[in-house]
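# Commentary on secondary and tertiary structure
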Amino acid sequence: MAVQGNLKDMSLTSLISVTCNDRSQARMRIVREGREALLFFADGNIVHAALGEQEGEQVIYELLTWDEGQFELEPDVDAPRRSITASWSAILLDGLERIDQQSEREAELAPTEDEPAQNRNLASQLRDIEGVSGAVVVARDGIVIAHDIDGDPDKEGAVAVFVGSAASQIGQALELGALVSGVIELGAARARMLVVEQPDYYVGMQLEERASPSLVLQQVQSSSG
Amino acid sequence: MERTMDDILQNVNLILGVVGSFVCSEDGETLASAPTRLFGRRALALVGRLTSQTIAGLRTSQKTRSVELSLAYANWQLLIKSLRGGCLCILCLPGVNRPLVRMAADSAAKEIASTLRR
């Protein structure tokens, strides 16, 4: 009688361990997202594995990364051929070690996961500068990367990019050299934003009424090294 | 007797550290510049378009008429001040007395706006 279930409820390592320890001769069929894998057991070991065109131990390594999938274990089914000679325990240990190594590599190669946190940190650090009441970090395409601002970050970010970009173009046209900073002053209330151009993004900082843009800029430059 | 735009700009240029100034219309056309040969015609045409577009954009998005930009470059400062009918741009050296330039810009902007209305 076939045993059925889902890898969500019982891990593949447990299934293999139980089946091999029982020294069962069986075929395990696992289906996930339209892909079908077949494992064959005999004499207390896995003797054959197939997944699409793939065969052998590599199939087990891949199946160990599946955290869900319908399985069916049918007893007394012979393997069509033998593609695996290593012991089941060695394969599982090797497979789990590969998963750990892969996870470590992914963690090392995933600066994008850390970048938002760094940028959020940057926005908060900028807001901590005396005279700054809010900060927005915005990519050159206008996407707000991070902000620590009370108003609408998209609107403030758009102003920073819009003015920063135009100021750079004006500087090029008049041969004034690289843009260092820009102060935008708007309306009768004289709300001010300091815009600083960085290699990959613009920073817009809302200034308090009595803040000195020069002093704030000095702080920004000293904190960014 | 009413002063011309050139007279007004030349008066702004008297401030120590001010190198030159120019006025652009809302369409980006250069209406006056002093000294005349300081800025190339093509450069001024491009800057006129850029400044007028920038000010128009800020006016629309921020719902305000009054826009002032103080831009710092490696060795220059550029003050851009919106006025009715266009904008006033003043190019300065970094060590210029900025409050003095701003006072002069406020005064010049009113006179230029008045000239533009006529």
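See the structure above.
Quick caveat, the model's predicted, so the values are computed rather than measured.

This part takes up the interface of chain A and chain B. It is common to report an interface's size as the accessible area lost on association of the parts. Every contact between the two is made by 23 residues of chain A and, on the other side, 24 residues of chain B. Contributing elements (two or more residues each) for the side of chain A that touches chain B: α5 (153-173) and β9 (179-186) of chain A. With nine residues, the single largest contributor to the side of chain A that touches chain B is α5 of chain A. Pairing of β9 of chain A with strand β3 (residues 67-73) of chain B, which is carried by seven bridges, proceeds in the antiparallel orientation. Of the residues in β3 of chain B, the one forming a bridge with Leu-179 of chain A is Tyr-73 of chain B.

Read across the sheet, ten strands follow the order β8(A)-β7(A)-β11(A)-β10(A)-β9(A)-β3(B)-β4(B)-β5(B)-β1(B)-β2(B) without closing on themselves; strand pairing throughout is antiparallel. Looking at the sheet topology across the chains shown, the edges are occupied by β8 (144-148) of chain A together with β2 (30-34) of chain B. Across this sheet, the average inter-strand angle for adjacent strands is 15°, counted without regard to direction. The pairing of strand β10 (residues 191-197) of chain A with strand β11 (residues 201-207) of chain A spans six bridges and is antiparallel. Its bridge partner lying in β11 of chain A, Met-193 of chain A is registered against Gln-206 of chain A.

To describe two helices that pack against each other, one gives the angle between their axes and the distance between the axes. In the contact formed by α5 of chain A and helix α2 (residues 41-62) of chain B, the axes pass within 9 Å of each other and the chain directions differ by 170°. Here α5 of chain A lies roughly antiparallel to α2 of chain B, going by the angle between them. In this structure, the crossing between α5 of chain A and α2 of chain B has a hand that is left-handed. Residues Val-159, Phe-162, Val-163, Ala-166, Gln-169, Ile-170 and Ala-173 of chain A of α5 of chain A lie in contact with α2 of chain B, whose contacting residues are Ala-43, Leu-46, Val-47, Leu-50, Thr-51, Thr-54, Gly-57, Leu-58 and Ser-61 of chain B. Of the residues in the contact of α5 of chain A with α2 of chain B, the class split is eleven nonpolar, five polar and no charged.

Definitions and limits used
- Residues numbered from 1 in each chain as written.
- Chains lettered and ligands numbered in written order.
- Predicted model: local features only at pLDDT ≥ 70, side-chain atom pairs only at ≥ 80, totals over all residues.
- Contact = placed C-beta atoms within 7 Å.
- Helix = DSSP H or I, 4+ residues; strand = E, 2+ residues; numbered from the N terminus.
- Pairing = 2+ DSSP bridges.
- Axes fitted to C-alpha atoms, helices over the stretch in contact; angles between N-to-C directions.
- Parallel < 35°, antiparallel > 145°, perpendicular 65-115°, else oblique.
- Left-handed = near helix turned anticlockwise from the far one by under 90°.
- Nonpolar A, V, L, I, M, F, W, Y, C, P; charged D, E, K, R; others polar.

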